[in-house]
Amino acid sequence: MNAWSPLARPMFRALWIAAMVSNVGTWIHDVGAGWLMTELSPSPWMVSLVQAATTLPLLLLSVPAGALADVIDRRRLMLWTNLGMMLCAAGLAAAVWSGPISPFVLLAATLGLGIGAALINPAFQTSMVDLVPREELPAAAALNSVSLNLSRAVGPALGGLLVAAAGPWAAFALNAASFILILATLWAWPYRQPPRAIAGERFVGAVKAGLRYVRHSPPMIAVLVRTISFVLPASVLWALMPLLAREHLSLGAGGYGVLFSCLGAGAVATTALLPFLRRRLTPGQHVLAASILYTSMLAVLSLRREPWVGFAAMVFCGSAWVTMVVNLNVAAQSGTPVWVRGRALSCYLALFFGSMALGSAFWGAVAQRVGLADAFLAAAGLMLLGLLSLTRYSLTHASGEETAMESDWEDPAVSRPISPHDGPVVVTIEYRIAEQDADAFKAAMEPVSQTRYRDGAISWVLSRCTENPERWLEVFIVESWAEHLRQHQRVTVADKRVQAAARAFHRGDARPKVSHFIAEPPPQR
């Protein structure tokens, strides 16, 4: 297996190419929108709002979009959303071509495209992962970054030429046309929704289950901390790049496009080296190196005004950016089981793009008050401060046991029909533990509690009998009977190992006694 192995799979290759073409259109739009805003309103605050309008929907909608990706047909979701985005881009092109528009029309159209991207992202990334085996997952994530960064290398340069030659409307029109290939590819994709053994999850329940999983998953918490500590300060570059080009480096629209392309070129060159680097460096070492490199380049961009220095710094910024993003993507996707992957990924995407949106607005306000150069220096300092959390929240390589499903739970014993929506369900498990093993048993049950919460429990408690100190009772509550049945199906190899380690302290030949209780409504008065 090598870095290009997933491209040997026809459907992955087709979607990869179509996504790259669409991404080229997106970057062309970003160049046109950013440059047009500098003409409509040169205020740093208004210019930064273009980036905020692009990324804010990804903060607000990624989690519900991730739930949709897990519970409905992903192909249809992507198909209709891409169609809506194409119409939005075409409408903006027509409005700009027909005459002057207000800054708020530009922001509204950009917001509409951001909403579409928010709805598509979890479904698209999860679908791409579904098309390759687990061992090719890092290569698939890296290739997705290659697609994005190749488009970043080509799109901004093309966008700069279009804006200089024909005006921003041409950039918006070409963005609309870029959706045609991905629409055709999605239409031809023979996607089949995976079968479900029990009733499908409802939307609200799916959202809550995803949030609960992430909250009780230490690897995902580490991903989220690393995301915000890097992306929040790094967003200064994305938010203020039009002003960096126009005012700080004295570049025109074409030079602005080249600046963007240098960023993409650095990312593409580094992507080819990532498989080699992943074999020799831990994810934590990648994070440290990328953060220090990006910090250094922010300082260089703040202190120097020569265009060639800006172009060189952007190459290194692109290298640091793709290193960080690929490691975050792989950690978010490889460490989560398939039943919750879309939702876990959406939480990461929400924080990623939320940090971009909030950071963009924040750095625009900072630059308005203290100036562009000082805003870049402040962002560099904040990124260095974020590295202090690296010792506690470091990315790790997930093992296959973290995602491989292998439940050995027995089906619950029932004496009457039970509706899937009945509940809450109280599950009790009774253990017999020797007094000398009490402390070791309690320590072994702590990771068990995490598995219960991640897989569906809304509360969990371990208690000890006052009459017989060798009698212990584990009690957890699940929202409904259907959710508890799903809980049976969500056990991974790693969960099973953790639960077996705790159960090993149980005394006697019989297994710990498991009982199920369903809450009854109070009598009507």
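Preceding block: the structure.
Counting from 1, residues in each chain are numbered in the order their sequence is written. Since the coordinates come from a predicted model, pLDDT governs what is reported: local features require at least 70, and pairs of side-chain atoms require 80 or more to be given and counted, while whole-chain, interface and lining totals use all residues. Just so you know, side-chain values use all the structure's heavy atoms and leave hydrogens and water out.

Moving on to the overall build of the chain. Helix and strand definitions here come from DSSP, where helices need a minimum of 4 consecutive H or I residues and strands a minimum of 2 consecutive E residues; each element is numbered from the N-terminal end. Scanning the chain for helices and strands turns up 17 helices and four strands. For 525 residues, the compact-globule formula gives about 24 Å, and the C-alpha radius of gyration of the chain, at 26 Å, lands near that figure. Expressed along its principal axes, the backbone C-alpha trace of the chain runs to roughly 80 × 55 × 45 Å. Residue contacts are counted whenever heavy atoms from the two residues lie within 4.5 Å of one another. Residue pairs at least 24 apart in sequence account for 86% of intrachain contacts in the chain once pairs closer than 6 positions are excluded. Computed with the Shrake-Rupley method and a 1.4 Å probe, the accessible areas treat only the protein chains shown as cover for residues. About 22,200 Å² of surface is accessible on the chain, with carbon and sulfur atoms providing 64% of the total. Put simply, the chain has 40 plus and 32 minus side-chain charges, and the middle of one group is 5 Å from the middle of the other. The globule rule is 2.2 Å times the number of residues to the power 0.38, and the radius of gyration it is compared with is taken over C-alpha atoms. Counting rule for charge: Lys and Arg are taken as positive, Asp and Glu as negative, and neither His nor the chain ends is counted. Every charge is mapped onto a representative atom, which is NZ of Lys, CZ of Arg, CG of Asp or CD of Glu.

All right, on to the pairing of strand β2 (residues 457–464) then. Where β2 lies against strand β3 (residues 471–478), seven bridges are found, and the strand directions are antiparallel. When the sheet's bridge partners are listed, S463 is paired in β3 with L473. Strands were regarded as paired on the criterion that DSSP finds at least two bridges between them.

A packed helix pair is summarised by two numbers, namely the angle formed by the two axes and the spacing between the axes. Here the axes come from fitting lines to C-alpha atoms, over the contacting stretch only for helices, and the angles between their N-to-C directions go from 0 to 180 degrees. Relative orientation of the contacting elements helix α9 (residues 218–248) and helix α10 (residues 253–278) amounts to 140 degrees, with a least axis distance of 9 Å. Viewed along their axes, α9 and α10 adopt a mutual orientation that is oblique. When you trace α9 past α10, the crossing you get is right-handed. Between α9 and α10, the residues in contact are L237, W238, M241, P242, L244 and A245 and Y256, L259, F260 and L263, respectively. In this classification, the charged set is Asp, Glu, Lys and Arg, the nonpolar set is Ala, Val, Leu, Ile, Met, Phe, Trp, Tyr, Cys and Pro, and all remaining amino acids, among them Gly, are polar. Split into classes, the residues belonging to the contact of α9 with α10 amount to ten nonpolar, no polar and no charged. Under this scheme an angle from 65 to 115 degrees is roughly perpendicular, one under 35 degrees roughly parallel, and one over 145 degrees roughly antiparallel; angles in between are oblique. Each crossing gets its handedness from the near helix: less than a right angle anticlockwise from the far helix is left-handed, clockwise is right-handed.

To continue, consider the pairing of β3. Judged from the eight bridges that link them, strand β1 (residues 425–432) and β3 form a sheet pairing that is antiparallel. If you follow Y431 over to β3, its bridge partner there is W472.

Quick look at the nonpolar core now. Membership of the largest hydrophobic core comes to 92 residues, with the highest contact counts inside it found for L237, L240, Y294, W321, Y348 and F376. A per-element tally of this core places α9 first, with 15 residues. Setting aside residues no more than four positions away along its own chain, L240 makes contact with P44, W363, G364, A367, L372, A375 and F376. Buried Ala, Val, Leu, Ile, Met, Phe, Trp, Tyr and Cys residues form a nonpolar core when they are joined through side-chain atoms within 4.5 Å. Think of it in three bands: residues with accessible area under 20% of the maximum for their type are buried, residues over 50% are exposed, and the middle band is partly exposed, with areas taken using a 1.4 Å probe on protein chains only.

Each Phe, Tyr or Trp ring, with Trp reduced to its six-membered ring, pairs with another whose centre is within 6.5 Å; inter-plane angles below 30 degrees give stacked pairs, above 60 give edge-to-face pairs, and intermediate values give tilted ones. Enumeration according to the criterion identifies eleven aromatic pairs in this entry. Of note, R75 hangs over the ring of W187, and the distance from its end group to the ring centre comes to 6.0 Å. For a ring to carry a charge above it, either NZ of a lysine or CZ of an arginine must fall within 6 Å of the ring centroid while also lying within 35 degrees of the normal to the ring plane.

Turning next to the pattern of salt bridges. What makes a salt bridge here is a side-chain nitrogen of Lys or Arg within 4 Å of a carboxyl oxygen of Asp or Glu, nothing more. Summed over all chains, the structure comprises eleven salt bridges. We note a salt bridge from R416 to E520, for which the minimum N-O separation is 3.6 Å. With R416 in the loop between α14 (372–386) and β1 and E520 in the segment after β4 (513–518), this residue pair connects regions lying 104 residues apart in the sequence. Accessibility expressed as a relative area gives 42% for R416, which makes it partly exposed. A relative accessible area of 60% places E520 in the exposed class. Across the pair E483 and R486 runs a salt bridge, and its minimum N-O distance is 2.9 Å. Here R486 and E483 lie together in helix α16 (residues 481–489), a separation of three residues that amounts to about one turn. Given a relative accessible area of 5%, E483 falls into the buried group. Classification of R486 by relative accessible area gives buried; the value is 12%.

Time to look at the sheet that holds β4. Sheet architecture is open: four strands sit in the order β2-β3-β1-β4, paired in antiparallel fashion. For this open sheet the edge positions go to β2 and β4, each flanked by a neighbour on one side alone. Within the sheet, the average angular offset between the axes of one strand and its neighbour, ignoring direction, is 15 degrees. Against the sheet, helix α15 (residues 438–455) engages β1, β2 and β3, with an angle of about 165 degrees to β2.

Inspection of the secondary structure puts T451 in helix α15. Ignoring any residue separated from it by four or fewer positions in sequence, one finds T451 in contact with D495, V498 and Q499.

Turning next to a nonpolar patch on the surface. Each patch groups residues whose relative accessible area exceeds 30% and which form no salt bridge, using 9 Å between like charges and 5 Å between nonpolar side chains of Val, Leu, Ile, Met, Phe, Trp and Tyr. On the surface, a nonpolar cluster with roughly 200 Å² of combined accessible area is contributed by I17, V21 and L181. Within the element layout of this structure, V21 appears in helix α1 (residues 10–40). Looking at V21, the relative accessible area reads 32%, which means it is partly exposed.

Mapped onto the fold, A65 is located in helix α2 (residues 44–71). In the structure, A65 is positioned 285 residues away from A350 in sequence and 9.8 Å away in space, judged by C-alpha atoms. Ignoring any residue separated from it by four or fewer positions in sequence, one finds A65 in contact with A118, L119 and P122.

Examined against the element boundaries, S291 turns out to sit in helix α11 (residues 283–303). Those residues in contact with S291 that lie beyond four places of it in its chain are F230, M383 and L387.

Another aspect to go through is the packing of α2 against helix α13 (residues 341–370). At a closest axis distance of 7 Å, the pairing of α2 and α13 adopts a crossing angle of 165 degrees. Between α2 and α13, the angle falls in the class roughly antiparallel. Judged by the twist between their axes, the crossing of α2 over α13 is left-handed. For the contact of α2 with α13, a count of residues per class yields 18 nonpolar, eleven polar and three charged.

What follows is about α16. For α16, the buried fraction is high: seven of the nine residues fall into the buried class. For α16, the full list of buried residues reads W481, A482, E483, H484, R486, Q487 and H488.

These figures capture arrangement, not role.
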